[in-house]
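Survey of secondary and tertiary structure
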Amino acid sequence: MSGVTIGSGSVIAAHSVVVKDVEPYSIVGGNPAKTIKQRFPNELIERLLAAQWWNQSDVVVNSIVPLLQQPLNNALMSKIEQHCRS
């Protein structure tokens with residue numbers, strides 16, 4: 001729908017009709033789409049948004065791809081943040 005914002009890292013289920021803004025790192029689905037759950041705890045979502053890894057150079061993003069393919073936790077998030085600061 002026009003005027004709707006899909007937050008970073010969100011997952012939208014197939015055939016869903018999104019009629020209102022979707023929070024970052026949430027999973028939504030249905031008609032109309034409703035939040036099913038958050039992908040991560042609030043603390044990790046805030047840290048991911050602050051790191052903005054997707055806006056980093058290709059070199060940085062390529063260096064953290066192996067980290068992004070693992071289950072996210074505080075220790076892993078610290079490593080991602082270190083790469084984004086360098």
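To keep things clear, this report deals only with the structure shown in the data block.

1. A closer look at the side chain of Ser 16
- Relative to the helices and strands, Ser 16 resides in the loop between strand S1 (11-12) and strand S2 (26-30).
- Apart from residues no more than four positions distant in its own chain, Ser 16 is found in contact with Val 28, Gly 29, Gly 30 and Ala 33.

2. A closer look at helix H3 (residues 74-85)
- Taking 1.5 Å per residue, twelve residues should reach 16 Å; H3 reaches 16 Å between its end C-alpha atoms and fits that length.
- The opening residue of H3, the one whose side-chain oxygen lies 3.1 Å from the backbone nitrogen of Ala 75, is Asn 73.

3. What to know about the environment of Ser 16
- Residue Ser 16 is classed as buried on the basis of its relative accessible area, which comes to 18%.
- Taking C-alpha positions, Ser 16 is 23 Å from Ile 45, a pair spaced 29 residues apart along the chain.
- At 2.8 Å, the side chain of Ser 16 forms a polar contact with the backbone oxygen of Ala 13.

Scoring rules and cut-offs
Residues numbered from 1 in each chain as written. Predicted model: local features only at pLDDT ≥ 70, side-chain atom pairs only at ≥ 80, totals over all residues. Heavy atoms only, no water. Helix = DSSP H or I, 4+ residues; strand = E, 2+ residues; numbered from the N terminus. Contact = heavy atoms within 4.5 Å. Expected span 1.5 Å × (residues − 1). Polar contact = N/O pair within 3.5 Å; in protein donor to acceptor, adjacent residues only side chain to side chain. Buried < 20%, exposed > 50% of the residue type's maximum accessible area, 1.4 Å probe, protein only.

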